[in-house]
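Structural characterization, general
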Amino acid sequence: MNAQPSNLFKRKTIIIAAILLIGFVSIQFIRPQITNSPAKAEIEAPAEVKSILMRACYDCHSNETNLRWYDQVSPVYWKVANHVNSGRKHLNFSNWKNLASADQKAMLWEAVNQIAAGAMPIKDYELVHSSATVSKSDLEVLKKYVSSMSPKQIPDDTAKINAVNKQYTHWQKATTPSAKLPATLNGITYIPDYKNWETISSTERFDNGTMRVIFGNPIAIKAIREHHINPWPNGTTFAKVAWDQVTDKDGNVRTGAFKQVEYMIKDDKKYASTAGWGWARFKTDKLVPYGKTAMFTNECVSCHKPLSNTDFVFTSPIEH
């Protein structure tokens, strides 16, 4: 009596399996393009540094992508292709020599910073490509290499001291504030009140000899005290301020000339297209808005994207 239902179940199972197989085979023909162009301007670095970069970074950040057989099976291939194409847009070691020296140092500093933060290599990639893992000793090799490229600190550097004195004199003479505050092309206005905010953390850019302090507005400080920082609440605003480093003859470091201030403003609705944050940068003491078009925010999002697990924020608040 059960033979007929049993046969019906088997037929249905075979039909479903056949449909799934046909679907699986069909999607193999949907192939986003990954092109390995000749590497004509590849990075030159010491052998131990190059070895780490090739092992941990080159698959997504060079024109020498090595696809394993399991990388080429769709739908996995789709994700791999997205990683490679987006990775190359932001950093491509095969086009390294086409970058200005300062940009090279900045890119390396950012790469090392993201590795140190655990954001790179991307975890799901590292899970199936264990050779890409960057060990503590590997990280130290990379840090040492980037540090070797940083500008040498000259005790009581006359040029830096003159620069900060010139800025100070200019500010002293500017007795009346500007009637109109500068704004970036994405509509964010310079926020002078950051000077009254509390300090969250500090960092050093050893690639360009600057020091930075991160300030948080009252909403950010309240979120930190209440351990509500992932995600950060709407209204959170950070200001990262950068100065030259000035070193005296005893090795003490203090702030030099003001370089820039950067803002991150959380509003997951207003800034939904840029990871829920508004981005802005004002350079030099003239507070020149950064960006030739409003699309400059893509640079910011691209840099912070690996930190999506911490709401795109690099610096952890200093615990008191």
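Look up a bit, the structure's there.
To keep things clear, this report deals only with the structure shown in the data block. Worth saying up front: this structure is predicted, and the values here are computed from it rather than measured. (Residues numbered from 1 in each chain as written. Predicted model: local features only at pLDDT ≥ 70, side-chain atom pairs only at ≥ 80, totals over all residues. Heavy atoms only, no water.)

**Structural notes on the pattern of salt bridges**
- Counted according to the given criterion, the structure contains 13 salt bridges.
- Between E44 and K97 there is a salt bridge, with the nearest N and O atoms lying 2.6 Å from each other. With E44 in the loop between α1 (3-27) and α2 (47-56) and K97 in the loop between α4 (76-90) and α5 (101-116), this pair connects stretches of sequence that are 53 residues apart.
- Its relative accessible area of 46% is what places K97 among the partly exposed residues.
- The salt bridge partner of R212 is E262, with a shortest N-O separation of 3.9 Å. Remark: E262 occurs in strand β4 (residues 253-266) and R212 occurs in strand β2 (residues 210-216); sequence separation between them is 50 residues. (Salt bridge = Lys/Arg side-chain N within 4 Å of Asp/Glu carboxyl O. Helix = DSSP H or I, 4+ residues; strand = E, 2+ residues; numbered from the N terminus. Buried < 20%, exposed > 50% of the residue type's maximum accessible area, 1.4 Å probe, protein only.)

**Overview of the pairing of β2**
- Most of β2 is tucked away, with six of its seven residues classed as buried.
- Pairing of strand β1 (residues 198-205) with β2 involves seven bridges; the strand directions are antiparallel. Across the sheet, R205 pairs through a bridge with T210, a residue of β2.
- The antiparallel hairpin formed by β1 and β2 contains four residues in its connecting segment, where G209 sits at a positive phi of about 70°.
- As paired strands, β2 and strand β3 (residues 237-247) are joined by seven bridges and run antiparallel to one another. Each residue of the ladder has a partner; that of G216, found in β3, is F238. (Pairing = 2+ DSSP bridges.)

**Description of the sheet that holds β3**
- The strand order across the open sheet built from six strands is β1-β2-β3-β4-β5-β6, with neighbouring strands paired in antiparallel fashion. Each end of this open sheet is capped by a strand with a single partner; those strands are β1 and β6 (288-289).
- In this sheet, strand β5 (residues 277-283) lies alongside β4 in antiparallel orientation, the contact comprising seven bridges. Within the sheet, the bridge partner assigned to M264 lies in β5 and is W279.

**Topic: the nonpolar core**
- If you look at the biggest cluster of nonpolar residues, it comprises 21 residues, and the most contacted ones within it are I43, L53, L91, F93, W96, L108 and L142.
- Residue assignment for this core shows that the elements contributing at least two residues are α2, α5 and α7 (136-148).
- Leaving out residues up to four positions away in the same chain, I43 has contacts with K50, L53, Y58, F93 and W96.
- One finds Y190, A239, V241 and W243 within the second-largest nonpolar core, a separate group that totals 17 residues. (Core = buried A, V, L, I, M, F, W, Y, C linked by side-chain atoms within 4.5 Å. Contact = heavy atoms within 4.5 Å.)

**Focus on the state of the cysteines**
- In this structure the tally under the stated criterion is zero disulfides.
- Summary of cysteine pairing: C57 is not part of a disulfide, and the nearest cysteine sulfur, belonging to C60, is at 9.2 Å.
- In this structure C303 is not part of a disulfide, and its nearest cysteine sulfur, from C300, lies 8.0 Å away. (Disulfide = S-S within 2.5 Å.)

**Points about the side chain of S62**
- Mapping S62 onto the fold places it in the loop between α3 (58-61) and α4.
- Only 2.9 Å separates the side chain of S62 from the backbone nitrogen of E64, close enough to count as a polar contact.
- Sequence-distant contacts of S62, that is, excluding residues within four places in its chain, are made with R88, N92, F93 and S94. (Polar contact = N/O pair within 3.5 Å; in protein donor to acceptor, adjacent residues only side chain to side chain.)

**Notes on α5**
- Compared with an ideal rise of 1.5 Å per residue, which puts 16 residues at 22 Å, α5 spans 23 Å between its outermost C-alpha atoms and is within 8% of the ideal.
- Taken together, the buried positions of α5 are occupied by Q104, M107, L108, W109, E110, A111, V112, Q114 and I115.
- Residues of α5 that are buried sit in contact with α4, α7, β1 and α10 (297-304).
- Following α5 by one or two positions, G118 adopts a phi angle in the positive range, close to 80°. (Expected span 1.5 Å × (residues − 1).)

**Re α4**
- The end-to-end C-alpha distance of α4 is 22 Å, a good match for the 21 Å that 15 residues give at a rise of 1.5 Å each.
- Among the residues of α4, Y77, V80, A81, H83, V84, G87 and R88 are the ones counted as buried. All buried residues of α4 project into a common sector of 160° when viewed along the axis, lining one side.
- On its buried side, α4 packs onto α3 and α6 (123-128). (Arc of directions from axis to C-beta.)

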